[in-house]
Each structure stands twice: as C-alpha cells, then as structure tokens.
Amino acid sequence: MSEQVDMIQSLNWALHDAMEDDSQVIVFGEEVADPEGGGIVGVTKGLSTKYGNRVRSTPISEMAFTGAAVGAAVAGMKPVVEIMLMNFVGVCMDQITNHAAKLRFMSGGQTSVPMVIRTMTGSGMQNGGQHSDFLEAWFCHTPGMKVVMPSSPEDGYGLLRSAIDDPDPVLFVEHFPGYWAKGSAPQRGGSIPLGVARIVKRGADVTLIGYSRSVMDITAVANKLGGEGVSCEVIDLRTVSPLDMDTVLTSVKKTGRAVVVHEAVKSFGVGAELSTRIYESLYRELKAPVERVASKDAPVPFSKSLEVAFLYSHADIEAAVRRTLD
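Given the structure is predicted, the values throughout are model-derived calculations rather than measurements. (Residues numbered from 1 in each chain as written. Predicted model: local features only at pLDDT ≥ 70, side-chain atom pairs only at ≥ 80, totals over all residues. Heavy atoms only, no water.)

**Observations regarding the sheet that holds strand E6 (residues 146–148)**
Strand pairing in a sheet relies on backbone hydrogen bonds. The paired strands run either parallel or antiparallel.
So, step 1. Ordered by their spatial adjacency, seven strands build an open sheet running E3-E2-E4-E5-E7-E6-E12, and the pairing between neighbours is mixed. The two strands at the open ends of the sheet, each matched to only one other strand, are strand E3 (55–57) and strand E12 (239–241). On average, each strand axis in the sheet is tilted by 20° relative to the strand beside it, whichever way the strands run.
So, step 2. Of the pairings in the sheet, the one linking E6 to E12 comprises two bridges and is antiparallel in character. Looking at E12, one finds that Val-147 is bridged to Ser-241. (Pairing = 2+ DSSP bridges. Helix = DSSP H or I, 4+ residues; strand = E, 2+ residues; numbered from the N terminus. Axes fitted to C-alpha atoms, helices over the stretch in contact; angles between N-to-C directions.)

Right, dumping it as structure tokens:
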C-alpha cells in the first residue's frame, strides 16, 4: 500500500519543493511564518525557518498584502498569498479582479501576473456564515483568473505546483474540513496540468461531476449505486476555470445523463454553467434533464443542525441520479 498523507502535508511539500526549485517563489499571509505557527492549520510550517524572509507574516490587511503580491508578480517574483478564509477575499477583491486578472489584457500581453492566492473554506466546522462560503463562481466569472479546487492530497500537490508555475493569477481553493482526510502521497517534483479533469471511476449509465468536497460524496454514492447495478462515471473537475469540457462532454455523450454536485449555493453557480454547456452541445443526445445538487441558497448557519440542513446530502445526490434514470 502506498504512503498515506493528508492535504496539509501534501500542500506543505508542494510549497517546500517550489521554493527549493525557484528562488523567485515567495509567500505572504497572516501567520504564515513559523513564529506565528506556520499558517492557521500548518500548511506553511517550516518554510520561514528554511527560506527566511521569502516567507512574510503580514498585518491583518488582505488588501495591502494582496496588492503587494500583485506588484511583486509584475516585477518578476512568484508570490503565493494565503487568504486565511475564502470569505475574506471580498476585502481584496479589487486587487484580484481589477489588477491581477486584468493587467495582461490592459498591457497588451506585455505584463503577466504569476501569483497564486491560496484560501480555504467549507461547511461542517461550525465556523458560521462569514467563514464558510464557497465563492468560486465570483472568480470563474472573472476573465484572466484560473480557479483550482483539489479533492485529494495527491492532486493538491500536483495542482499547486502547476499553479505556482502558471504565468497568470490562480485562485487555489482548499476544503477546510477535508484537510485531515488521508490519501495517496504525491510524487515529489511532479505536477498536474491545470484545466484537465480526472475520471475517478468509469461508468456507463450516468455521469456524476464534482470538485473539491463533492468528489468524495459523489464517489460514495456511485459505489453504493454500483452495488444495485447502476453504473456511474465519476469526474473530478480539479480546475473549475477553465473547464475541461472535452472530458465532460465525452462522458455525458456516452451515458446520456449528468448530475453536477457542488458545495456552493445552487443559484448562479458552476453547476449552472456546466449544465448550460452540456445542453448547448448535447441537447438532442440527452436521455434526461441535467440535474444540479448543491447547498441551500443561504449563508452557512452556525447551528450544527442547520449547517447539516444547509449542505446537500448523499440522499440528495442519489435521488438526483434516480431521477435521470426514470
């Protein structure tokens, strides 16, 4: 059996290896240096001890240190910025969407902004409405941004290495409750190309599409239904902008059915975009309407019982699959 590690270890290795390989890689963020604990969950632990002032703990001012990272990227560095929780990206939205994402366009391609914005989010930890939202659709709607959302430690390492090497800004979203879930250890030094989905499980009856947390859930449902003779193909998008539509459409064309699952609220989400693209390309070949399964259209509640009710369930996914079969 291969070595098992969690996402924290995998991402820590990716940052260590990137900084070892390229002296232009630097890290900014609140509490990221070792005297402050190496990040809120320890992803950056050990980096400042080894790489000194290339790792900077910053004041609590996301706009300031994200703006500093944009400037550093334009000047030739490769900053990796940690925004402690995804809801806080709203504080530095101008720096991300009006500067990092647009400078290549506004300079006629003469200026690139090779920076990574790492952040984490997710319900299930009772962190409340200002600390738990999946807001990836904001940035998928921003030309010039790439959005990456890994579901496993192995993918976390490879995707982060590619994000750091990418010439454009990348939002790298980590699932908070999933940090401690174990998976296969990554191959150190390897990378996974951005914009390429992974087929987790082959199937013939229905295609289940997810990313981040939902990959674990759709895989569990696919395995359960497999015992009943329902053959589900499971796709992990890995990168949600740009979308790997070739992999998605090839699968849905084969099965004729699709269920899209994400933790973000349902309205105006990635699931809506995926569904529309599937309809535009395969309308006459679909055997059933595309199903979307997502969280309720509300801020994430603090109360545990309400938090559970906010999030979709395995039963919701299973019911959606059965509707496509009916």
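**Comments concerning the sheet that holds strand E11 (residues 232–236)**
So, step 1. Taken in spatial order, the five strands of this open sheet run E9-E11-E10-E13-E14, and their pairing is mixed. Here the strands that pair on one side only, and so sit at the sheet edges, are strand E9 (198–201) and strand E14 (291–295). Averaged over all adjacent pairs, the angle separating strand axes in this sheet is 25°, with direction ignored.
So, step 2. Here four bridges tie strand E13 (residues 258–265) to E14, and the two strands are oriented parallel to one another. Following the sheet pairing, Val-259 is matched in E14 by Glu-291.
So, step 3. Along the sheet, helix H12 (residues 314–325) contacts strand E10 (206–210), E13 and E14; its crossing angle with E14, the most-contacted strand, is approximately 170°. (Contact = heavy atoms within 4.5 Å.)

**What about helix H4 (residues 93–100)?**
So, step 1. All buried positions along H4 are accounted for by Gln-95, Ile-96, Thr-97 and Ala-100.
So, step 2. Close packing links the buried residues of H4 with helix H3 (62–74), helix H5 (103–106), strand E5 (116–121) and helix H6 (136–140). (Buried < 20%, exposed > 50% of the residue type's maximum accessible area, 1.4 Å probe, protein only.)

**Topic: the pattern of salt bridges**
So, step 1. Inspection of every chain in the model, using the stated rule, returns 22 salt bridges.
So, step 2. Notably, a salt bridge pairs Asp-155 with Arg-198, separated by 3.6 Å at the nearest N-O pair. Taken as a pair, Asp-155 in helix H7 (residues 153–165) and Arg-198 in strand E9 lie far apart in primary sequence, 43 residues in all.
So, step 3. Overall, the relative accessible area of 4% leaves Asp-155 in the buried class. (Salt bridge = Lys/Arg side-chain N within 4 Å of Asp/Glu carboxyl O.)

**Some thoughts on the packing of H3 against H4**
So, step 1. Relative orientation of the contacting elements H3 and H4 amounts to 25°, with a least axis distance of 8 Å. Our classification of the angle between H3 and H4 gives roughly parallel. Considering the relative orientation of H3 and H4, their crossing is right-handed. Contacts between H3 and H4 involve Met-63, Thr-66, Gly-67 and Val-70 from the first element and Gln-95, Ile-96, His-99 and Ala-100 from the second.
So, step 2. A breakdown of the residues in the contact of H3 with H4 according to their chemical character gives four nonpolar, four polar and no charged. (Parallel < 35°, antiparallel > 145°, perpendicular 65-115°, else oblique. Left-handed = near helix turned anticlockwise from the far one by under 90°. Nonpolar A, V, L, I, M, F, W, Y, C, P; charged D, E, K, R; others polar.)

**A word on the packing of aromatic side chains**
So, step 1. Going through the model one piece at a time under the given rule, you end up with four aromatic pairs.
So, step 2. Here Phe-176 and Trp-180 contribute two aromatic rings whose centre-to-centre distance is 5.9 Å and whose plane-to-plane angle is 40°, an arrangement assigned as tilted.
So, step 3. Residue class for Trp-180 comes out partly exposed when judged on its relative accessible area of 44%.
So, step 4. Considering the side-chain rings of Tyr-179 and Trp-180, the 5.8 Å spacing of their centres and the 80° angle between planes classify their relative orientation as edge-to-face.
So, step 5. By relative accessible area, which is 1% here, Tyr-179 ends up buried. (Phe/Tyr/Trp six-rings, centres within 6.5 Å; stacked < 30°, edge-to-face > 60°.)

**Some points on the pairing of E10**
So, step 1. Across the five residues of E10, five count as buried, placing the element largely inside the fold.
So, step 2. Burial along E10 is two-sided: the residues Val-206, Leu-208 and Gly-210 and Thr-207 and Ile-209 are all buried.
So, step 3. For the crossover from E10 across helix H8 (residues 213–226) to E11, the handedness is right-handed.
So, step 4. Pairing of E10 with E13 involves three bridges; the strand directions are parallel. The partner of Thr-207 across the bridge, within E13, is Ala-258. (Right-handed = clockwise from strand over helix to strand, strands pointing away.)

**Digging into unusual backbone geometry**
So, step 1. Along the chain, Ser-241 connects to Pro-242 via a cis peptide bond; the corresponding omega equals 5°.
So, step 2. Assignment of secondary structure puts Pro-242 in the loop between E12 and helix H9 (245–255).
So, step 3. Even without being glycine, Ser-212 reaches a positive phi, approximately 55°.
So, step 4. Relative to the assigned elements, Ser-212 resides in the loop between E10 and H8.
So, step 5. We classify Ser-212 as buried; its relative accessible area is 3%.

**Thoughts on the nonpolar core**
So, step 1. If you look at the biggest cluster of nonpolar residues, it comprises 46 residues, and the most contacted ones within it are Met-115, Leu-171, Leu-237, Val-248, Leu-274 and Ile-278.
So, step 2. Looking at this core, the elements that each hand over two or more residues are strand E2 (25–29), H3, strand E4 (78–83), H4, strand E7 (170–175), H9, E13 and helix H10 (270–282).
So, step 3. At five residues, H3 tops the list of elements feeding residues into this core.
So, step 4. Apart from the residues within four sequence positions on either side, Leu-274 is in contact with Ile-209, Leu-237, Leu-243, Met-245, Val-248 and Val-260.
So, step 5. In terms of nonpolar packing, the next biggest core, distinct from the first, is built from 35 residues, Met-7, Ile-8, Ala-163 and Ile-192 among them. (Core = buried A, V, L, I, M, F, W, Y, C linked by side-chain atoms within 4.5 Å.)

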